[in-house]
Amino acid sequence: IYLRRYRLRDSALEMFLIPTAGELYGSVGLYSSLTSIFIDFGPGYEGNLKRDDAANAIMRRAPAQTIKQWPERSGQFLHEQLRQVTRSWITRRLSNFEYILSLNILAGRSFNDISQYPVFPWVLGGSSYSKEELPDLEDPASYRDLSKPMGALNPTRLKEFKDRFESFQDAGVEIPSFMYGSHYSTAAGVVCYFLLRLHPFSQLHRQLQSGHFDVADRLFASVPRTWDMNTGPSAAEVKELTPEWYCNPAFLKNTNNYKLGSTQDGEEVGDVTLPPWAKGSPEKFVEAMRLALESDICSEGLPDWIDLIFGRKQQGPEAIEADNVFFYLTYYG
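Analysis parameters
- Residues numbered from 1 in each chain as written.
- Predicted model: local features only at pLDDT ≥ 70, side-chain atom pairs only at ≥ 80, totals over all residues.
- Heavy atoms only, no water.
- Buried < 20%, exposed > 50% of the residue type's maximum accessible area, 1.4 Å probe, protein only.
- Helix = DSSP H or I, 4+ residues; strand = E, 2+ residues; numbered from the N terminus.
- Contact = heavy atoms within 4.5 Å.
- Polar contact = N/O pair within 3.5 Å; in protein donor to acceptor, adjacent residues only side chain to side chain.
- Pairing = 2+ DSSP bridges.
- Axes fitted to C-alpha atoms, helices over the stretch in contact; angles between N-to-C directions.
- Disulfide = S-S within 2.5 Å.
- Core = buried A, V, L, I, M, F, W, Y, C linked by side-chain atoms within 4.5 Å.

## Observations regarding helix 5 (residues 187–194)
Within helix 5, the full set of buried residues consists of Val 190, Val 191, Cys 192, Tyr 193 and Phe 194. Close packing links the buried residues of helix 5 with helix 6 (201–208) and helix 7 (223–231). Where helix 5 starts, the residue carrying a side-chain oxygen 3.0 Å from the main-chain nitrogen of Gly 189 turns out to be Thr 186.

Quick look at the structure:
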């Protein structure tokens, strides 16, 4: 049972209904997304009180082995859970995928809230998405530099972002300086963008577009092109990925035969175009992405990415030094 924020309010909780066979740790069921209930208790101070009262009542009646984030001991609980999860990852009881997903859950992200949907990194990088043959997963050159945010991977583009940051400081404007006007994880720009071929995200996408799909040129239609958009010299996108890129090939298929239109070049949008080495197979693509995620090379760099997304380089001087500063309204508080 976890306390949650909803729309940046401390007013929700999430219950994971997972059989644990009596294990205190929960057999890493911590991150199971298909068996949870998310409840919001409304806005304001009253919503927070209702949530805490309900959480206390439910936790008192839950089995003793249930993982419980008691409202009065929330901070201590999260630190203990983090140590437990990290220890399990270090001793290889958790895979990289499980570890990242566990960190997302502990950070308050949820599959039941698209504004705080779990975030995963681009792992492969460079020319890996344009090669004819599968990239060498033993070669560090096949991987993205996980010590840098997406906006810092291209030096030319980074210079423009840093110039923007410094110009805000020089101009003395009222809003805090920032490098990136977009964000690595948003409801519309990332979650609904990548998952528009899946229910319920297709419906949510159309609700944001007055009942229609967005124009075809702006839809997620190609993995190589999306990588170029997020790392090219002139693009403003800094998207990271969702868990589906490493576990669910269905998001790459237009199984429901949605009418997604045609681009200005006359190309009809249907299934997502994959890197040449995937040979048109979403299953092969996701399998290769998962192998890259679980590689020793990724394991070595993963703590750097975690620092950017969940750790000490999110805000403050270390975020500035790491070129990891976003528009101020994307931060909690």
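## As for the sheet that holds strand 3 (residues 36–40)
Taken in spatial order, the three strands of this open sheet run 1-2-3, and their pairing is antiparallel. A single partner strand is all that each edge strand has here, and the edge strands are strand 1 (2–6) and strand 3. Direction aside, the axes of adjacent strands within the sheet are offset by 35° on average. Where strand 2 (residues 9–16) lies against strand 3, five bridges are found, and the strand directions are antiparallel. Its bridge partner lying in strand 3, Ala 12 is registered against Asp 40.

## Quick look at helix 3 (residues 96–106)
Judged by how many residues are buried, helix 3 sits mostly within the fold: eleven of eleven residues are covered. Of the residues making up helix 3, those classed as buried are Asn 96, Phe 97, Glu 98, Tyr 99, Ile 100, Leu 101, Ser 102, Leu 103, Asn 104, Ile 105 and Leu 106. Taken together, the buried residues of helix 3 touch strand 1, strand 2, helix 2 (74–90), helix 8 (282–293) and helix 9 (296–309).

## Structural notes on the state of the cysteines
Under the counting rule described, the total for this entry stands at zero disulfides. Free cysteine Cys 192: the closest other cysteine sulfur is in Cys 247, separated by 17 Å. Cysteine Cys 298 is unpaired, with the sulfur of Cys 247 as its nearest cysteine sulfur at 15 Å. Given a relative accessible area of 1%, Cys 298 falls into the buried group.

## A short note on the nonpolar core
Generally speaking, soluble globular proteins have nonpolar side chains that are buried together. Core analysis: the biggest nonpolar cluster contains 80 residues, and Phe 220, Val 223, Trp 245, Tyr 246, Leu 252, Phe 285 and Trp 305 have the highest contact counts within it. Mapped by element, the contributors of at least two residues to this core are helix 2, helix 3, helix 4 (155–171), helix 5, helix 7, helix 8 and helix 9. In this view, Leu 252 contacts Arg 197, Phe 220, Val 223, Asp 271, Val 272, Leu 274, Pro 282, Phe 285 and Val 286; residues no more than four positions away in its chain are not counted. By size, the runner-up hydrophobic cluster in this structure holds nine residues, among which are Ile 1, Leu 3, Met 15 and Met 59.

## Examining the environment of Gln 84
Mapped onto the elements, Gln 84 comes out in helix 2. The spatial distance from the C-alpha of Gln 84 to the C-alpha of Leu 293 is 21 Å, given a sequence separation of 209 residues.

Interpretation in functional terms is not warranted from these geometric data alone.
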